[in-house]
Amino acid sequence: MTQDVRDLLHAATGLYRDDPRASAVLLDCLNRLEQPLRVAFTGAPSSGKTTLAAALGEWPTRALRDLVLLDDPGPADDVPDATVRLVRHLEPDELAAAHPPGGSAFARQSAVNSVLVLSRADEVGAGRIDALLTAKQLARRAWREDPLCTGFLGVIAVAGQLAYGGRSLRDDEFDLLAAFAAVPREELERHVLSVDSFTDPAFPGPIPVETRRSLVVRFGMFGVRLALTLIRTGCDDRVKLSAELVRRSGLGELRDTLAGCFVARAEALRARTAIIRLEALLAAHPRPGGDRLVSRVERFAAAAHDFRELRLIADIRGGRTALSGEPAEEAVRLLGAQGTAPADRLGLEPDADPNEIYDAGLDALRRWRHEAERPDRPHAERTAAHVVVRSAEGLLALFG
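Just so we're clear, the structure is a prediction, and the values are computed from it rather than from any experiment. (Residues numbered from 1 in each chain as written. Predicted model: local features only at pLDDT ≥ 70, side-chain atom pairs only at ≥ 80, totals over all residues. Heavy atoms only, no water.)

### Examining the overall build of the protein
Here's step 1: Regarding its fold elements, the protein presents 20 helices and 5 strands.
Here's step 2: Projecting the C-alpha coordinates of the protein onto the three principal axes gives extents of approximately 80 × 55 × 40 Å.
Here's step 3: In the protein, which comprises 400 residues, the proportion classed as buried is 48%.
Here's step 4: Contacts spanning at least 24 positions in sequence make up 74% of the contacts within the protein whose residues lie at least 6 apart.
Here's step 5: Surface summary for the protein: the accessible area is close to 19,300 Å², and the carbon and sulfur share equals 52%.
Here's step 6: Charged side chains in the protein number 52 positive and 58 negative. The centres of these two groups are separated by 2 Å. (Helix = DSSP H or I, 4+ residues; strand = E, 2+ residues; numbered from the N terminus. Buried < 20%, exposed > 50% of the residue type's maximum accessible area, 1.4 Å probe, protein only. Contact = heavy atoms within 4.5 Å. Areas by Shrake-Rupley, 256 points an atom, 1.4 Å probe, with all protein chains shown as cover. Lys, Arg positive; Asp, Glu negative; His and termini not counted. Charge placed at Lys NZ, Arg CZ, Asp CG, Glu CD.)

Rendered as structure tokens:
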């Protein structure tokens, strides 16, 4: 795919060789094909973009090391390849505003580069101790049932402040929280109902108000209450508490989604960005002979199978197809949701023998061709099966 896009960009460079600004855009597109994937965090003010980007960016994980995270870039700033869109509520007006813009036919067809995040999930249900669980249920339901969530590769609930606080939990903060957790529950309970009660001078013990307020700034009142509960139930050192706060924050699910949908498809997403920028250039500055290049772009868009795979993965996981159970799990795996290497697509060990991979691929191809041709299946289900067949064919073609 990258070579096809590179050829298109070189052809366009010849077309615009006397236009310095257009040439600069095309050169930038060519350079970007070799650079890390750019992922933008966008959302309304106070939605937690900076905090969430920092929590992910400072996570030393191999899955995200090839990403450049952009904190709310403006229209004139760096063009992102993919987007994490944050909303504070799953209300229609916020979802409508967060929906990816339309753009060209190719941009709409390949609009598989956005993940929606219900940020500040700890505020759901007035910040009760079960707020994160409730937020995750709301996010899953919205992805499955709300038409405004169609097109997103996932709808994920994350408590960004909790994630960042957990990731950067210090020894002195753990010692403070452990000291609070040692206070009898019935004595402490009324002092952790709100920020005001937690920072009230009548709070038991010698801990200064400013110190208590700093904990609220770092973790939020929900995070303080959760940390106390976790310490009382077994998280008896900083490392354990840090890991549990991060796990419950939803940050891990977001990381895995970015790794599976963005990192694994980096080549396709970078190519998408380049093609969209090329389309915009051809439309804004038409040149004699440009129609032939437009036709080549259209042929490229029609043949780009990666975007169909991503769209079908999102539809299956979002419950928007008739596929379910084991067939659905196999389909998303063959489509590359767990990695695009042949062994990953077939659920085999990374060091599987090539003959084993080929035989498993051929078996998968036969079964999904059968599914695609079954007259008793709904048209939409057979269409989905055809996409899986195309993926299996592409896999086997690697052995040709």
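That shown, we press on.
### Examining the pairing of strand β3 (residues 82–87)
Here's step 1: Extensive coverage of β3 is indicated by the burial of 6 of its 6 residues.
Here's step 2: Judged by which residues are buried, β3 turns out to be covered on both faces: Ala 82, Val 84 and Leu 86 on one side and Thr 83, Arg 85 and Val 87 on the other are all buried.
Here's step 3: Where strand β1 (residues 37–43) and β3 come together, 5 bridges link them in parallel fashion. Residue pairing in the sheet places Val 39 in a bridge with Ala 82 of β3.
Here's step 4: Here β3 pairs with strand β4 (residues 114–118) via 5 bridges, running parallel. The residue of β4 that forms the bridge with Val 84 is Val 115. (Pairing = 2+ DSSP bridges.)

### Looking at the packing of helix α19 (residues 354–372) against helix α20 (residues 379–397)
Here's step 1: Two numbers describe how α19 lies on α20: the axes approach to 8 Å, and their chain directions differ by 160°. When the axes of α19 and α20 are compared, the pair comes out roughly antiparallel. Remark: the crossing between α19 and α20 carries left-handed chirality. Contacts between α19 and α20 involve Tyr 358, Gly 361, Leu 362, Leu 365, Trp 368, Arg 369, Glu 371 and Ala 372 from the first element and Arg 382, Ala 385, His 386, Val 388, Val 389, Ala 392, Glu 393, Leu 395 and Leu 396 from the second.
Here's step 2: Its residues placed into classes, the contact of α19 with α20 shows 11 nonpolar, 2 polar and 4 charged. (Axes fitted to C-alpha atoms, helices over the stretch in contact; angles between N-to-C directions. Parallel < 35°, antiparallel > 145°, perpendicular 65-115°, else oblique. Left-handed = near helix turned anticlockwise from the far one by under 90°. Nonpolar A, V, L, I, M, F, W, Y, C, P; charged D, E, K, R; others polar.)

### Here's the deal with the state of the cysteines
Here's step 1: One pass over the full model with this rule turns up 0 disulfides.
Here's step 2: The structure places no disulfide on Cys 149, whose sulfur is separated from the nearest cysteine sulfur, that of Cys 261, by 15 Å. (Disulfide = S-S within 2.5 Å.)

The analysis is restricted to geometry; functional conclusions fall outside its scope.
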